[in-house]
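Structure at a glance
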Amino acid sequence: MTAYAALTGAGYRAQVRDKATLFFTFAFPLIFLVVFGLIFSGQDVQESGRPYISYIAPGVMSWGVANAAVFSVAFTLMQWRRDDLLRLIRMTPTRLPAVIGSRYVLALGVGVVQAVLFTGVALLPPFGLELKGSWPLALPALVLGITAFLTIGVVIGSLADTPEAVAAIANCLMVPMAFLSGSFLPMDMLPSWLQTASRVLPLRYLNDAVSAALSGRGGTGDVLLGCAGLVVFTVVFGAVCLKTFRWSNRV
Amino acid sequence: MTEARALQPETHRTGTETTISVEQIRKRYGGHEAVAGVSLEVRRGEFFGVLGPNGAGKTTLVEIMEGLREADSGTVTVLGRSPWPRNVALLPRIGVQTQSSAFFVRQTAREHLSTVAALFGAPKDAAGRALEAVGLTGKRDVMVENLSGGQRQRLAIASALVHEPELIFLDEPTAALDPQARRDLWEVLRGLKRQGRTIVYTTHHLDEAEALCDRVAILVDGAVAALDSPHSLVAAGGAPTRLLLPAGRLSPEAALEIEGVDRAEVRGGSLVLETRVSGQVLTAVDRLVGLTGVQTRTATLEDVYLELTGAAAGTTAEGTGGTRTTDGTDDTEQQS
């Protein structure tokens, strides 16, 4: 078995055996989708005349996928460093791309399952999401989004030395970002200055791209713009990763 | 690993080949020189102990040998290569015991070891053999989180052995083990040595170092204070042998009359005689009061260690004989 396959297998088992993480990855965003979806069932957003679900479904999906990417890699990295597992890996001939690749594939797998699950629920009659023909474009957007948020997760996992610190930093970042990027509140309901200001947030670009692809709120150009924004964030946070990464908590 | 497999299975003798060569290694952290010019060689097939008090630089020195740290100056050669920077050609030939928490989460013991084996590119049956070697076969399907302290320790050792390395670094391998498990592990370690593997081992258990190590280096303040076989160190240390006579058999005054007795005092219900010529004194005691109930305590590595490390700390440690435990308490004698 290759190092890559072994690490992916171990990561997969760790993932499916952890009920709490499974809940927060799959069920927790679904609760938001169901609650918001039922509250605003059949209603339209005044400002745009579009149904709420066309905002909420892509919004909750982007947030859920981004959140899972950040938390999983941040927790894993903090834990591997704290438990000396990074040192163990460092002392094997395994090359770094195999380690990163296995974590990347796991994160993408989680993201795909999330996307299918959330879309499937949003399509059910009480919510009534209508998929646009451009929906396949959501896939590259999600992949780029997961990539960008993984780099953010690596930075958090490098800075934080305890699970509490990971949760604190990641929540402080992700919860406000979810509201300001239009994940829970339709972007069109926010004041225009806030809409402009939210352009500094990576989740805004993921939301815009996924919304444009799934529910047609915007065209192919919006998908491309969102994807381009995510690539920029990946490069920026990727560079920060290289600066902040530590093999060990010890001096 | 093919190289490790090719080792002669029953090589008892320590070879003349050098496995690790360290020359004038220095490592400074801020104003503190953790390793202050250490030179030593570890020979192929040798069981080499690194001893010393906390903060003496053991960990830093070993981590430099492992290739986890870069020395500020000096040279390190491990199996003919430089371990720094990370040398992936060298790593499969080295096994390092990590903390007993370094496990992939939510895996069984076997799953963890199989993952580690795959990281080394070791064959499929490697995990099973490593579990067998440390006596964890019965626990192979237990989640790593549910293993006891001693079992975790053995799993951490198995992680260092799984790819059959030529050179193994062990860090306090018996720390969390009960006496029986400790003895069992000694057998595992002796078995590794018999297979021709080289073992570098840090410990605070001096009795263990004496029982297992071919040679030990005692580090004090980042420098080698002594380096030799435990036997030679004890012999050269000149610590006295103690004879314990049941109290009342002989008065301290009378005992001091015996030629070769350096000290005589009553401690913990025994008359303790210190001598450097135990044979001569025993003969004299036999003639005077007989040898029934007389016990002999020869000097141990611990006496040498305490002398070297105590001298550095500014207090000359008093040797206490073969029954001192390493946490500083003495289980048979009360020191005055």
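Residues numbered from 1 in each chain as written. Chains lettered and ligands numbered in written order. Predicted model: local features only at pLDDT ≥ 70, side-chain atom pairs only at ≥ 80, totals over all residues.

- The name an unreviewed UniProt entry gives chain B is ABC-type xenobiotic transporter, with Streptomyces abyssalis as the organism.
- Taken directly from UniProt, the Sequence similarities (unreviewed entry) text for chain B runs: "Belongs to the ABC transporter superfamily. Drug exporter-1 (DrugE1) (TC 3.A.1.105) family."
- The record held by UniProt for chain B lists under Subcellular location (unreviewed entry) the comment "Cell membrane". (UniProt positions renumbered as here; feature names shortened; annotations may be inferred.)

- Going by an unreviewed UniProt entry, chain A carries the name Transport permease protein and comes from Streptomyces abyssalis.
- Per UniProt, chain A has the following entry under Sequence similarities (unreviewed entry): "Belongs to the ABC-2 integral membrane protein family."

With respect to the domain arrangement of chain B
- One can read the domain layout of chain B as domain 1 (2-234) and domain 2 (240-297).
- Taking only C-alpha atoms into account, the centre of domain 1 of chain B sits 43 Å from that of domain 2 of chain B. (Domains from an automatic or database assignment.)

Considering the interface of chain B and chain A
- On the side of chain A, 22 residues touch chain B, which itself brings 24 residues to the contact.
- For the side of chain B that touches chain A, the leading source of residues is helix H3 (residues 109-119) of chain B, giving six residues.
- Considering only residue class, the side of chain B that touches chain A consists of 13 nonpolar, eight polar and three charged. (Contact = placed C-beta atoms within 7 Å. Helix = DSSP H or I, 4+ residues; strand = E, 2+ residues; numbered from the N terminus. Nonpolar A, V, L, I, M, F, W, Y, C, P; charged D, E, K, R; others polar.)

Structural notes on the UniProt feature "domain: ABC transmembrane type-2" (unreviewed entry) in chain A
- Within this numbering scheme, the UniProt entry marks residues 20-248 of chain A as carrying the feature "domain: ABC transmembrane type-2" (unreviewed entry).
- Within residues 20-248 of chain A, the helical portion is 74% and the strand portion 2%, while the C-alpha atoms at the span's ends are 27 Å from each other.

Comments concerning H3 of chain B
- Extensive coverage of H3 of chain B is indicated by the burial of eleven of its eleven residues.
- Looking only at H3 of chain B, the buried set comprises Ala109, Arg110, Glu111, His112, Leu113, Ser114, Thr115, Val116, Ala117, Ala118 and Leu119 of chain B.
- Buried-residue contacts for H3 of chain B involve helix H1 (3-16) and helix H4 (85-90) of chain A together with helix H4 (126-133) and helix H5 (149-161) of chain B.
- With its phi angle positive at about 70°, Gly121 of chain B sits one or two positions after the end of H3 of chain B. (Buried ≥ 20, exposed ≤ 12 C-beta atoms within 10 Å, placed from the backbone.)

Regarding the packing of H1 of chain A against helix H5 (residues 96-123) of chain A
Residues and elements named next belong to chain A.
- Between H1 and H5, the shortest axis-to-axis distance is 9 Å and the interhelical angle comes to 40°. The angle between H1 and H5 falls in the class oblique. By crossing handedness, the relation of H1 to H5 is classed as right-handed. Of H5, the residues touching H1 (which contributes Ala3, Tyr4, Leu7, Thr8, Gly11, Tyr12 and Gln15) are Ala98, Val99, Gly101, Ser102, Arg103, Val105 and Leu106.
- A per-class count over the contact of H1 with H5 returns eight nonpolar, five polar and one charged. (Axes fitted to C-alpha atoms, helices over the stretch in contact; angles between N-to-C directions. Parallel < 35°, antiparallel > 145°, perpendicular 65-115°, else oblique. Left-handed = near helix turned anticlockwise from the far one by under 90°.)

Things to note about the confidence of the model for chain B
Residues and elements named next belong to chain B.
- Summing up the model confidence of chain B, the mean pLDDT is 84 and the portion of residues at 70 or higher is 88%.
- By mean pLDDT, helix H1 (residues 2-5) is the weakest element of chain B at 41, and H3 is the strongest at 96.
- Across residues 1-12, confidence stays below pLDDT 50; counting only partners more than four residues off in sequence or on other chains, it has 23 contacts.
- Throughout residues 314-336 the model reports pLDDT below 50, and contacts reaching past four residues in sequence, or to other chains, amount to 35 contacts.
- Note on the complex model: pTM 0.83, ipTM 0.90. (pLDDT = per-residue confidence, 0-100.)

Examining the UniProt feature "domain: ABC transporter" (unreviewed entry) in chain B
- The sites that carry the UniProt feature "domain: ABC transporter" (unreviewed entry) are, in the present numbering, residues 20-246 of chain B.
- Strand forms 28% of residues 20-246 of chain B and helix 32%; the C-alpha atoms that close the span are 49 Å apart.

Section: the sheet that holds strand S7 (residues 198-202) of chain B
All names here are of chain B.
- Pairing is mixed in the open sheet, where six strands are placed in the order S5-S6-S7-S3-S8-S9. Both outer strands of the open sheet, strand S5 (94-96) and strand S9 (223-228), are each paired with one neighbouring strand and no more. Taken pair by pair, the neighbouring strands of this sheet meet at an average axis angle of 15°, ignoring direction.
- The pairing of S5 with strand S6 (residues 167-171) spans three bridges and is parallel. The residue bridging Ile94 from the neighbouring strand is Leu167, located in S6.
- With respect to the sheet, helix H2 (residues 58-66) is in contact with strand S3 (47-51), S5, S6, S7 and strand S8 (215-220), its orientation differing from that of S7 by roughly 150°.
- Contacts between H5 and the sheet are confined to S5 and S6, with S6 contributing the most and set at about 160° to the helix. (Pairing = 2+ DSSP bridges.)

A short note on the nonpolar core
- Of all hydrophobic cores here, the largest spans 150 residues; its most connected members are Ala57, Ala69, Val70, Ala74 and Ala141 of chain A together with Ala158 and Val162 of chain B.
- Among the elements that line this core, the one with the most residues is helix H3 (residues 53-82) of chain A, at 19 residues.
- Setting aside chain neighbours within four positions, we find Ala141 of chain A in contact with Leu206, Ala209, Val210, Ala213, Val223, Gly226 and Cys227 of chain A.
- Counting twelve residues, the second largest nonpolar core, distinct from the first, contains Leu243, Leu244, Ala264 and Val281 of chain B. (Core = buried A, V, L, I, M, F, W, Y, C linked by C-beta atoms within 7 Å.)

With respect to the UniProt feature "transmembrane region" (unreviewed entry) in chain A
Residue and element names in this part refer to chain A.
- Mapped onto this numbering, the UniProt entry gives "transmembrane region" (unreviewed entry) at residues 20-40, 60-80, 101-125, 137-159, 166-185 and 223-242.
- Taken as a whole, residues 60-80 contains 100% helix and 0% strand, while its terminal C-alpha atoms sit 30 Å from one another.
- Secondary structure content for residues 101-125 is 92% helix and 0% strand, while the C-alpha to C-alpha distance between its ends is 39 Å.

Topic: the sheet that holds strand S10 (residues 241-246) of chain B
All names here are of chain B.
- Taken in spatial order, the four strands line up as S11-S12-S10-S13 in an open sheet, and their pairing is antiparallel. Each end of this open sheet is capped by a strand with a single partner; those strands are strand S11 (261-267) and strand S13 (295-297). Going from strand to strand, the sheet's axes swing by 20° on average, the running direction of each strand aside.
- Note that S11 and strand S12 (residues 270-275) share six bridges and pair antiparallel. Residue pairing in the sheet places Val266 in a bridge with Leu271 of S12.
- Running at roughly 15° to S10, helix H10 (residues 278-289) makes contact with S10, S11, S12 and S13 of the sheet.

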